[in-house]
2 protein chains.
Amino acid sequence: MTIKSGQKIKLSTIADGLGVSTATVSLALRDSPLIAEETRNRIKQHAQALGYIYNRRAASLRTSRSGIIGVMVHDIMNPFFAEILRSIEIELDRNGHTFILGNHYDQPEKQRRFIETLLQLGADGVIMSPAICTPVADINLAEANGLPVVFIARRVEDLKAPVFRGDDAYGIELATRHLISLGHRRIAMIGGTDYTSTGRDRYRGYQQAMSQAGLEVKPEWRLAGPRTKQGGFDIAPRFLALADKPTAAVCYNDLAAIGLMNGVARAGHSPGEDISVTGYDNLEEAAIAIPALTTLWNGQGEAGRRAARALLDLLNGQPVPHEQELIRPQLHIRHSTAAPKER
Amino acid sequence: MTIKSGQKIKLSTIADGLGVSTATVSLALRDSPLIAEETRNRIKQHAQALGYIYNRRAASLRTSRSGIIGVMVHDIMNPFFAEILRSIEIELDRNGHTFILGNHYDQPEKQRRFIETLLQLGADGVIMSPAICTPVADINLAEANGLPVVFIARRVEDLKAPVFRGDDAYGIELATRHLISLGHRRIAMIGGTDYTSTGRDRYRGYQQAMSQAGLEVKPEWRLAGPRTKQGGFDIAPRFLALADKPTAAVCYNDLAAIGLMNGVARAGHSPGEDISVTGYDNLEEAAIAIPALTTLWNGQGEAGRRAARALLDLLNGQPVPHEQELIRPQLHIRHSTAAPKER
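Rules used throughout
Residues numbered from 1 in each chain as written. Chains lettered and ligands numbered in written order. Predicted model: local features only at pLDDT ≥ 70, side-chain atom pairs only at ≥ 80, totals over all residues. Heavy atoms only, no water. Helix = DSSP H or I, 4+ residues; strand = E, 2+ residues; numbered from the N terminus. Buried < 20%, exposed > 50% of the residue type's maximum accessible area, 1.4 Å probe, protein only. Contact = heavy atoms within 4.5 Å. Areas by Shrake-Rupley, 256 points an atom, 1.4 Å probe, with all protein chains shown as cover. Lys, Arg positive; Asp, Glu negative; His and termini not counted. Charge placed at Lys NZ, Arg CZ, Asp CG, Glu CD. Core = buried A, V, L, I, M, F, W, Y, C linked by side-chain atoms within 4.5 Å. Salt bridge = Lys/Arg side-chain N within 4 Å of Asp/Glu carboxyl O. Polar contact = N/O pair within 3.5 Å; in protein donor to acceptor, adjacent residues only side chain to side chain. Pairing = 2+ DSSP bridges. Axes fitted to C-alpha atoms, helices over the stretch in contact; angles between N-to-C directions. Domains from an automatic or database assignment. Expected span 1.5 Å × (residues − 1). Arc of directions from axis to C-beta. Phe/Tyr/Trp six-rings, centres within 6.5 Å; stacked < 30°, edge-to-face > 60°. Lys NZ or Arg CZ within 6 Å of the ring centre and 35° of its normal. Right-handed = clockwise from strand over helix to strand, strands pointing away.

Engineer: Can you lay out the overall build of chain A for me, pointing to particular residues and giving the numbers?
Structural biologist: Of the regular secondary structure elements, chain A holds 12 helices and 12 strands. Burial status across chain A gives 59% buried among its 343 residues. Within chain A, counting contacts between residues at least 6 apart in sequence, those at least 24 apart form 70% of the total. Of the roughly 13800 Å² of accessible surface on chain A, a fraction of 49% belongs to carbon and sulfur atoms. Of the charged side chains in chain A, 40 are positive and 37 negative, and the gap between their average positions amounts to 2 Å.

In structure tokens form, the structure reads like this:
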């Protein structure tokens with residue numbers, strides 16, 4: 001058996017060569033008394049013959065690679081990230097990288113601390129959805145110290161970098177045009193914020209679709225903020241009390257939309273009949289919401305996969321364009337949207 | 001300024017001493033051209049005077065501590081873990097530890113690979129909710145190699161170890177007794193599995209409460225499996241078609257309960273009126289579900305906090321009891337439960 005110089009030798013390579021389990025190899029290399037001495041010696045000799053280095057920390061001082069990739073999002077509990085994280089994980093797993101996950105809760109200080117930790121651990125790179133108001137200097141800190149950054153879901157204003165995200169303006173335009181085609185004329189936009197590129201782009205898409213149809217865009221019909229179920233639920237009374245009584249709500253994401261529908265139902269109205277609602281993300285639960293939610297597939301998995309590939313390409317010295325790659329959303333029409341009823 | 005030998009010197013200590021930001025210190029210590037040479041030298045001298053060691057990998061080869069703690073659960077996207085992870089994070093943050101998160105998706109092989117990675121990174125310990133059918137040998141692998149293990153939410157059969165979890169049998173007993181007190185006699189148990197300690201304990205609690213009230217426990221009234229919204233939603237038709245038409249469902253968790261309520265509503269019934277439903281976990285969204293869900297507070301945050309403290313105690317050489325610590329659940333009564341209606 002020949003192993004190329006610099007190629008990573010895995011426990012499974014050693015295990016396969018001897019017909020034992022990787023757990024046995026792992027224990028033997030650490031001199032565990034759980035493995036008979038004779039077996040231990042046989043495994044260690046074989047490992048040595050293959051050039052295996054057990055201590056990854058010691059190894060990483062010699063080579064410049066630790067095999068660690070940082071992944072950071074604002075809230076791992078948001079199911080929107082589920083698909084992204086899963087596809088990143090599959091891609092990194094396949095390439096033998098370790099995946100370290102961090103939450104920044106949209107706090108730039110927490111994000112910077114995570115970047116510092118990655119630098120200290122000698123991580124190879126980071127894939128991140130940047131916090132609101134991320135200072136360009138914090139990204140430069142990473143890059144200047146040999147930690148390449150690839151962005152998902154959001155971009156940082158005034159920074160040239162690889163970004164993988166859905167085409168938010170286009171997606172919301174699809175949702176808004178769908179409502180207009182059903183006959184809605186007074187349409188509110190619920191949730192999101194101007195502090196993120198996603199929030200700005202989605203509001204712009206809504207404005208464009210309304211203007212193109214010759215409909216009025218009233219600033220008071222934008223209820224910014226909600227991005228969670230609780231947020232959507234809490235804003236329902238304000239939505240229902242809006243002047244001119246909009247008959248439909250384009251929501252920033254599925255969570256806000258489901259929360260809004262629950263809040264509308266709690267107030268005695270029938271979402272999908274009295275009030276039409278659209279979501280964004282096509283989360284698993286969109287299809288089982290009451291009523292089933294009309295929403296946009298956002299290409300989350302695709303964005304995660306492409307971001308992981310881009311980072312691996314960068315690490316292999318291959319050029320990666322420092323620009324946005326937009327994934328085209330698709331509209332899924334379900335039962336939360338219907339022709340308007342006068343309220 | 002005196003720093004005790006062995007005490008960790010942080011970037012903020014250096015920064016505070018010089019009145020600069022930690023980002024500046026971080027950049028200077030890495031010879032970043034973004035910081036003026038004079039400032040860089042001043043910072044490096046001060047850091048050296050304090051005995052600061054930049055490279056954590058180099059440092060961790062000399063001391064036996066890496067400052068890394070692994071945390072592993074079956075699915076980080078399950079909001080049940082949100083509170084647990086947040087409280088662990090707060091506790092570890094406060095103690096200057098880095099938090100590495102892993103998903104095992106209830107696959108013991110994936111769990112073992114994560115343990116091996118932690119061993120290779122020289123992690124200090126691991127807090128985990130063990131995968132279904134975890135082999136005791138995999139936990140011994142960690143312990144035998146100096147990686148102490150603390151369990152949350154579930155325990156491993158036949159293994160003595162510190163475990164922090166809610167009192168599942170007692171919690172389900174509370175839910176079942178609440179339904180019985182409302183007048184229900186035919187009560188089904190939806191979700192969970194005998195492959196986890198949680199699933200076994202919750203089914204036992206349901207059986208106990210039924211038996212104590214002199215009510216029949218029919219095996220066919222247990223619909224095992226669902227632990228997600230989709231699972232609860234999908235099983236609704238089977239629940240509605242059960243012989244003897246149970247008037248209430250005790251659900252394994254909030255996700256299955258909310259899914260079941262949606263499925264019951266989709267089939268044209270009114271959850272909370274025709275059918276009473278209880279959840280478990282008291283997730284944030286339990287209160288905004290339609291109808292608002294009667295459920296049990298499970299002490300998630302408390303379990304996470306205690307588990308993190310126990311691990312830190314172990315690392316500081318303090319004894320920690322190798323047994324289960326059960327947190328007492330509390331019933332929250334909302335609108336998903338009412339007196340039975342004949343169906």
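Engineer: Give me the lowdown on the environment of Ala-213 of chain A, citing residues and values where you can.
Structural biologist: With respect to the helices and strands, Ala-213 of chain A occurs in the loop between helix H9 (197–212) and strand S7 (222–223). Spatially, the C-alpha atoms of Ala-213 of chain A and Thr-176 of chain A are 10.0 Å apart, while their sequence positions differ by 37 residues.

Engineer: Explain the nonpolar core to me, and be specific about the residues and the numbers.
Structural biologist: Residues Leu-147 and Phe-151 of chain A together with Leu-147 and Phe-151 of chain B are the most contacted members of the largest nonpolar core, which totals 64 residues. Filtering out sequence-adjacent residues up to four positions away, Phe-151 of chain A remains in contact with Met-128, Pro-130, Ile-139, Val-156, Leu-159, Ala-161, Pro-162, Val-163 and Phe-164 of chain A. In terms of nonpolar packing, the next biggest core, distinct from the first, is built from 60 residues, Ala-310 and Leu-315 of chain A together with Met-77 and Leu-92 of chain B among them.

Engineer: How would you sum up the pattern of salt bridges? Please name residues and give values.
Structural biologist: Here the structure, examined in full by the defined rule, presents 45 salt bridges over all chains. Across the pair Glu-325 of chain B and Arg-306 of chain B runs a salt bridge, and its minimum N-O distance is 2.5 Å. Here the residue Glu-325 of chain B occupies a position in strand S11 (residues 324–327), and Arg-306 of chain B occupies one in helix H12 (residues 300–315), the gap between them amounting to 19 residues. Judged by relative accessible area, Glu-325 of chain B falls into the partly exposed class, the value being 33%. One network of salt bridges, with partners in common, ties together Arg-165, Asp-168, Asp-201, Arg-202 and Arg-204 of chain A.

Engineer: Explain the side chain of Thr-193 of chain A residue by residue, including any values.
Structural biologist: Residues and elements named next belong to chain A. Its location among the elements puts Thr-193 in the loop between strand S6 (187–190) and H9. At a separation of 2.8 Å, a polar atom in the side chain of Thr-193 contacts the main-chain amide nitrogen of Tyr-195. The contact partners of Thr-193, leaving out residues within four places of it in the chain, are Gly-199, Arg-200, Arg-222 and Arg-227.

Engineer: So what's going on with the sheet that holds S6 of chain A? Which residues, and what values?
Structural biologist: All names here are of chain A. In spatial order, the strands read S7-S6-S8-S9; together these four strands make up an open sheet with parallel pairing. Edge positions in the sheet fall to S7 and strand S9 (276–278), since each has one partner strand and no second. As judged from the two bridges shared by S6 and S7, these two strands associate in the parallel manner. Across the sheet, residue Met-189 finds its bridge partner in S7, namely Arg-222. Here helix H8 (residues 168–181) sits on the sheet in contact with S6, strand S8 (248–251) and S9, set at roughly 170° to S8.

Engineer: Describe the domain arrangement of chain A, listing the residues and the values that go with them.
Structural biologist: Each domain of chain A was delimited in the assignment, giving domain 1 (11–50), domain 2 (68–165 + 300–322) and domain 3 (168–299). Between the C-alpha centres of domain 1 of chain A and domain 3 of chain A the distance comes to 58 Å.

Engineer: Residue-level account of H8 of chain A, with values.
Structural biologist: Residue and element names in this part refer to chain A. Between its first and last C-alpha atoms H8 spans 20 Å; for 14 residues at 1.5 Å apiece the expected length is 20 Å, and the two agree. Of all 14 residues making up H8, 11 are buried, and the element is well covered by its neighbours. Three or more residues of H8 are buried, namely Asp-168, Ala-169, Gly-171, Ile-172, Glu-173, Leu-174, Ala-175, Thr-176, His-178, Leu-179 and Ile-180. Looking one or two residues beyond H8, the residue adopting positive phi is Gly-183, at roughly 110°.

Engineer: Lay out unusual backbone geometry in plain terms, naming residues and giving numbers.
Structural biologist: In this chain, Ile-290 of chain A is followed by Pro-291 of chain A through a cis amide linkage whose omega measures -10°. In the Ramachandran plot, Asp-281 of chain A falls in the positive-phi region, its phi being about 125° despite a non-glycine side chain. Mapping Asp-281 of chain A onto the fold places it in the loop between S9 and strand S10 (295–297). Positive phi is not limited to glycine here, since Asp-244 of chain B has a value of about 65°. Turning to its location among the elements, Asp-244 of chain B is positioned in the loop between helix H10 (229–240) and strand S8 (248–251).

Engineer: An account of helix H7 (residues 136–144) of chain A is requested, with residue identities and associated values reported.
Structural biologist: Residues and elements named next belong to chain A. Buried within H7 we find Asp-138, Ile-139, Leu-141 and Ala-142. Taken end-on, H7 shows its buried residues confined to a sector of 150°, consistent with a single buried face. Looking one or two residues past H7, Gly-146 carries a phi angle of roughly 80°, positive in sign.

Engineer: I'd like a rundown of the packing of aromatic side chains, residues and numbers included.
Structural biologist: Any aromatic ring pair is given by two values, namely how distant the centres are and how the planes are angled relative to each other. This structure, assessed with the given rule, holds four aromatic pairs over all chains. A cation sits over an aromatic face here: Arg-222 of chain A above Tyr-203 of chain A, 4.0 Å from the ring centre. A cation sits over an aromatic face here: Arg-202 of chain B above Tyr-280 of chain B, 3.7 Å from the ring centre.

Engineer: Can you break down the pairing of strand S3 (residues 125–128) of chain B residue by residue, with the values?
Structural biologist: All names here are of chain B. The side-chain alternation of S3 yields two buried faces, one formed by Gly-125 and Ile-127 and the other by Val-126 and Met-128. Pairing geometry for strand S1 (residues 68–73) and S3, over four bridges, is parallel. Counted as the bridge partner of Met-72 is Met-128 from S3. Summarising the sheet, S3 and strand S4 (residues 149–152) pair through three bridges and their orientation is parallel. Residue Val-126 lies in a different strand from S4, and its bridge partner there is Val-149. Following the backbone out of S3, through helix H7 (residues 136–144) and into the adjacent parallel S4, one traces a crossover that is right-handed.

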